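Reading the structure
The residues making up each chain are set out below.
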Amino acid sequence: MPVKDYLRRRYFPHLWCAGCGHGIVMGNLIRAIEQLGLEKNEVVMVSGIGCSSRLPGYVDFHTLHTLHGRALAFAVGIKMGRPHLKVIVPMGDGDALSIGGNHFIHAARRNINMTAIIMNNCIYGMTGGQFSPLTPFGKMATTATRGTIDHAFDTVELAKGAGASFVARTTTYHVKEMVLIFKEAIQHKGFAVVEVLSQCPTYYGRKNRLGSAVEMMAWFKENTISVGSKKKKENPELIERGIFVREERFEYTSNYEALIERHQS
Ligand SMILES: Cc1ncc(C[n+]2csc(CCOP(=O)(O)OP(=O)(O)O)c2C)c(N)n1
Ligand code: SF4
């Protein structure tokens, strides 16, 4: 089925600015689901609030648009009630790791079977460009007019430390890699985290004089490298992409069902 057949076109035109990376993530998520042969009825997408969180509104799956930072809390409830469904949670960096940070670490710790996608544009896009926990040190934002003095989380290290059993990173430039990673993440049995570096030309790009959306994507091309490449040793500033963790571990909903069965028999 073509991508357009997965879209709720009654909600178009979408709210994303020209050049925003979030539409690229949506297209590739649909491609991954299509290639996995999943039925629309098998998929639930849950989001909070933000430009990125508008994604589930535009796609024809079961969808839930909830509160800022609470997408994972709702998603956990859905997965516990209907464990056979594929639960996918697209979030912004603020949504996932600022107000939603606590939900994030605990969902990872429990290793509950769902796919968390963090669309990292390094800023709060929807509310006008405030800095987020993923804004790199020294970068400009409307709330950091001389450059932020906060240090950013490394999403991959945070997810690993919190116990996620699948952890990956890609960018909106690396579209084929993104589809492959989404497919692996959706099939993984456990808490899967995918960070996608996504451009916000309107706020992060403009505040930091990074040029057009195309120039921001060229930056992703030139400043990232496949995980394990020797080039990282030569230039430690390069950001690694690819799959960092993929492990089979006890999964929360299966264990919960087994526990109930054991005590009912
Ligand atoms: C409880 C609550 N606090 C704050 C807000 C305001 N708010 C809406 S979206 C947002 C941040 C959006 O940034 P991010 O999650 O990074 O997504 P982006 O818009 O950049 O895709 C904030 C602070 C809100 N809606 N609800
Ligand atoms: S403000 Fe930024 S994140 Fe929001 S739609 Fe525009 S480009 Fe995308």
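Scroll up to find the structure this text is about.
Report on the accompanying structure. If you're wondering where the values come from, they're calculated on a predicted model, not measured in any experiment.

Mapped onto the secondary structure, Thr115 falls in strand β4 (residues 114-120). Classification of Thr115 by relative accessible area gives buried; the value is 3%. Sequence-distant contacts of Thr115, that is, excluding residues within four places in its chain, are made with Val87, Ile88, Val89, Ala185, Ile186 and Ala192.

A few words now on the site of ligand 2. Surveying the vicinity of ligand 2 reveals the residues Trp16, Cys17, Cys20, His22, Cys51, Asn121, Gly125, Cys200, Pro201, Thr202 and Tyr203. With three residues, the top contributor of residues to the shell around ligand 2 is helix α7 (residues 201-207).

Once that is clear, we can look at the site of ligand 1. In the neighbourhood of ligand 1, 17 residues make up the surrounding shell, with Cys51, Ser52, Gly94, Asp95 and Gly125 lying closest. Between ligand 1 and Asp93, the relevant distance is 3.2 Å, taken from an oxygen atom to a side-chain nitrogen or oxygen of the residue. When atoms are counted within 2 Å of each cavity's grid points, the one that captures over half of ligand 1 is the second largest pocket. Broken down by element, the shell around ligand 1 gets its largest block of residues, three residues, from helix α3 (residues 93-97). A class-by-class count of the residues in the shell around ligand 1 yields six nonpolar, nine polar and two charged.

In terms of nonpolar packing, the biggest core is built from 32 residues, with Leu29, Ile33, Met45, Leu55 and Phe182 touching the most fellow members. Elements represented by at least two residues in this core include exactly α1 (22-35), β1 (43-47), β4, β7 (166-171), α6 (175-187) and β8 (191-197). Discounting residues that sit within four places of it in the chain, Leu29 has contacts with Met45, Leu55, Ile88, Ile117, Phe182 and Ile186. One finds Val44, Ala75, Ile112 and Val245 within the second-largest nonpolar core, a separate group that totals 29 residues.

This brings us to the pairing of β8. Each regular strand displays side chains that alternate between the two surfaces of the sheet. Burial analysis of β8 places seven of its seven residues in the buried class, which makes it a mostly covered element. Bridging between β4 and β8 involves seven bridges; their strand directions are parallel. Its bridge partner being in β8, Ala116 is matched across the sheet by Val193. When β7 meets β8, the two strands line up parallel, connected through six bridges. Paired with Thr171 across the strands is Leu197, a residue of β8. Viewed along the sheet, the connection from β7 through α6 into β8 turns out right-handed.

Conventions adopted
Each residue is numbered by its place in its chain's sequence as written, counting from 1. In the order they appear in the text, chains get letters beginning with A and ligands get numbers beginning with 1. Where local features are concerned, this predicted model is filtered to residues with pLDDT of at least 70; where side-chain atom pairs are given and counted, the filter is 80 or more; whole-chain, interface and lining totals use all residues. Side-chain measures here rest on the full set of heavy atoms in the structure, leaving out hydrogens and waters. Secondary structure is summarised from DSSP: a helix means a run of H or I of at least four residues, a strand means a run of E of at least two, and numbering begins at the N terminus for each. For every residue, the accessible area obtained with a 1.4 Å probe (protein chains only) is divided by the maximum for its type, and the residue is called buried under 20%, exposed over 50%, and partly exposed between those limits. Whether two residues touch is decided by their heavy atoms; if any such pair falls within 4.5 Å, the residues are in contact. For this purpose, a residue is taken to be near a molecule or strand whenever a single non-hydrogen atom of the residue falls within 4 Å of it. Pairs of N or O atoms within 3.5 Å make up the polar contacts considered here, provided that, within protein, one atom can donate a hydrogen while the other can accept it, and that residues adjacent in sequence are counted only when both atoms are side-chain atoms. Residues are called lining when one of their atoms sits within 4 Å of a cavity or pocket point, these points coming from a 1 Å grid over the protein atoms alone, where a cavity is a set in which a 1.4 Å probe fits but cannot get out and a pocket is an open set with protein on both sides within 12 Å along at least five of seven lines. More than half of a molecule's atoms within 2 Å of the grid points is what it takes for that molecule to sit in a cavity or pocket. Gly counts as polar in this scheme, as do all residues outside two lists: the nonpolar Ala, Val, Leu, Ile, Met, Phe, Trp, Tyr, Cys and Pro, and the charged Asp, Glu, Lys and Arg. The criterion is simple. A nonpolar core is a set of buried Ala, Val, Leu, Ile, Met, Phe, Trp, Tyr and Cys residues joined through side-chain atoms within 4.5 Å. Following DSSP output, two strands are said to pair if at least two bridges run between them. Handedness is read with the strands pointing away from the viewer; a crossover is right-handed when the path from the first strand over the helix to the second is clockwise.

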